[in-house]
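Structural features, examined
Now for the letters of each chain:
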Amino acid sequence: MNLEKFHGVIPAMATPFTRDFELDESRVRTLIDEYIAAGVHGISVAGSQGEFFALSTREHIRLLEISMDAINGRVPLYAGTGAATTRQAIELTRAAQSMGVDLALVITPYFVQPTQSELVEHFTAVAQATTAPVMLYNNPPRTSVNVSAATLAECMRRQANIVGMKDSSGDLTQSIEYQLLAPRPALLFSGRDTIALAMMLHGAQGTISPAANVFPELMVRMYDALRAGRHEEALRISNIFAPLRAAWAWGSFPVVIKEAMQLMGRDAGPTRAPIAALPPAVREKLAEVVERIAAQA
């Protein structure tokens, strides 16, 4: 299985909704075109930032269809196909494979908090249902479920098409262990903008980045600087993003990212209820952060 195409900056794309909270298909296409023009190396859809949890199965599959058509082979599509149950995840992953997606990104089940052995059974069952590469997605701040390095290793031993991990835990030690304990070379992608550079310095192939929704060109510049050995420049750019990551705490997930996108002219519409828009005073604070980052870009 050739994994060389999986690298670089991949926006964790927010799912655009219309003002009446319907899937905005035209904006999906527009955003994808804008991100590719900005130089990104892939597109991730139907993930956490993409409000996959707020999509019906029909909408979820339709989002993947539109994204595949819009990308048209220009960059890989990382398709979120995780769900709360194994049955649901298999259904979504099979649908994604039928479209020819490049990689299935499977988050841990949430709410039920499975054990590590149950996670192994879950992920291997999903991987057995497809021939596409499957990358696990660890996001314990959102799911209350952590995937240990030993669990990833066991999954990779059982299924050849389980290829690595997107890690949003913020635990750099564990991120490093994912690669060290893997039975063969594993993909590793950051899901935390503040440690994306550190993870890449430790061998991660790239970042599936929330901030790349707002500043894709800047994130690509950081990646290019790192690849070229310009570490001081890469660190300078990484630090520019820190206030934006801190701002995620100013509103319920994931409204801040959508409001920041709007401030930069990349409107993805509202978040779905129960998540509401930011209060005006908080939006003003966010505008200051976005303007400060734009000025340093």
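The present account deals with the structure reproduced in this document.

Rules of the game
Residues numbered from 1 in each chain as written. Predicted model: local features only at pLDDT ≥ 70, side-chain atom pairs only at ≥ 80, totals over all residues. Heavy atoms only, no water. Helix = DSSP H or I, 4+ residues; strand = E, 2+ residues; numbered from the N terminus. Rg over C-alpha atoms; globule rule 2.2 N^0.38 Å. Buried < 20%, exposed > 50% of the residue type's maximum accessible area, 1.4 Å probe, protein only. Contact = heavy atoms within 4.5 Å. Areas by Shrake-Rupley, 256 points an atom, 1.4 Å probe, with all protein chains shown as cover. Lys, Arg positive; Asp, Glu negative; His and termini not counted. Charge placed at Lys NZ, Arg CZ, Asp CG, Glu CD. Pairing = 2+ DSSP bridges. Axes fitted to C-alpha atoms, helices over the stretch in contact; angles between N-to-C directions. Phe/Tyr/Trp six-rings, centres within 6.5 Å; stacked < 30°, edge-to-face > 60°. Polar contact = N/O pair within 3.5 Å; in protein donor to acceptor, adjacent residues only side chain to side chain. Expected span 1.5 Å × (residues − 1). Core = buried A, V, L, I, M, F, W, Y, C linked by side-chain atoms within 4.5 Å.

1. A word on the overall build of the chain
If you tally the helices and strands in the chain, you get twelve helices and eight strands. Scaling as 2.2 N^0.38, a compact globule of 297 residues should have a C-alpha radius of gyration of about 19 Å, and the chain matches this with 18 Å. Each of the three principal axes of the chain carries a C-alpha extent, and together these read 50 × 45 × 35 Å. For the chain, the residues scored as buried account for 58% of the 297 residues in total. Restricting the contact set of the chain to residue pairs at least 6 apart, pairs at least 24 apart contribute 72%. Approximately 11,900 Å² of the chain is accessible, and the part contributed by carbon and sulfur atoms is 51%. Of the charged side chains in the chain, 26 are positive and 29 negative; the average position of the first set lies 1 Å away from that of the second.

2. Thoughts on the sheet that holds strand β2 (residues 43-45)
An order of β1-β8-β7-β6-β5-β4-β3-β2 is seen for the eight strands of this open sheet, with the pairing classed as parallel. Single-partner strands in this sheet number two, and they are β1 (8-11) and β2. Adjacent strand axes in the sheet meet at a mean angle of 25 degrees, parallel and antiparallel pairs treated alike. Across three bridges, strand β3 (residues 77-80) lies against strand β4 (residues 103-107) in parallel orientation. For A79, the partnering residue across the bridge sits in β4 and is A104. The strands that helix α7 (residues 172-181) touches are β5 (134-138), β6 (162-167) and β7 (187-190); relative to β6, the one it contacts most, it runs at about 170 degrees. Helix α9 (residues 216-227) contacts β1 and β8 (206-209) of the sheet and is inclined by roughly 160 degrees relative to β1.

3. Here's the deal with the packing of aromatic side chains
In total, this model carries five aromatic pairs according to the counting rule given. With centroids separated by 5.6 Å and ring planes inclined at 80 degrees, the aromatic side chains of F6 and Y78 adopt a geometry described as edge-to-face. Taken as a pair, F6 in the segment before β1 and Y78 in strand β3 lie far apart in primary sequence, 72 residues in all. Accessibility classification places F6 together with Y78 in one group, the buried group. A centroid spacing of 6.5 Å and a plane angle of 65 degrees characterise the contact between F215 and F241, whose relative ring orientation is edge-to-face. Taken together, the positions of F215 in the loop between β8 and α9 and F241 in helix α10 (residues 231-247) put the pair 26 residues apart, joining distant regions of the chain. As far as the burial class goes, F215 and F241 line up, both buried.

4. Some thoughts on the side chain of N138
In this structure, N138 sits in strand β5. Polar side-chain contacts of N138 include one of 2.9 Å to the side chain of N146. The contacts of N138, once residues within four sequence positions are left out, are V145, N146, V147, M165, K166, D167, S168, S169, Q174 and Y178.

5. Structural notes on unusual backbone geometry
In this chain, F253 is followed by P254 through a cis amide linkage whose omega measures -5 degrees. Among the secondary structure elements, P254 is positioned in the loop between α10 and α11 (255-263). Residue P274 follows A273 across a cis peptide bond; omega there is 15 degrees. Looking at the element boundaries, P274 is found in the loop between α11 and α12 (280-296). With phi around 55 degrees, Q113 is a residue other than glycine that occupies positive phi space.

6. Digging into α12
End to end, α12 covers 25 Å across 17 residues, agreeing with the expected 24 Å (1.5 Å per residue, within 8%). Contacts made by the buried residues of α12 are with α9, α10 and α11.

7. Some words on the nonpolar core
Membership of the largest hydrophobic core comes to 104 residues, with the highest contact counts inside it found for I43, M135, I162 and L244. The biggest single contributor to this core is α9, with seven residues. The contact partners of I162, leaving out residues within four places of it in the chain, are F123, T124, A127, V134, L136, L152, C155, M156 and R184.

8. Concerning helix α4 (residues 116-128)
Along its 13 residues, α4 runs 18 Å from first to last C-alpha, staying within 8% of the 18 Å computed at 1.5 Å per residue. Within α4 the residues assigned to the buried category are L119, V120, H122, F123, T124, V126 and A127. Its buried side turned inward, α4 meets α3 (86-99), β4, β5, α6 (149-158) and β6.

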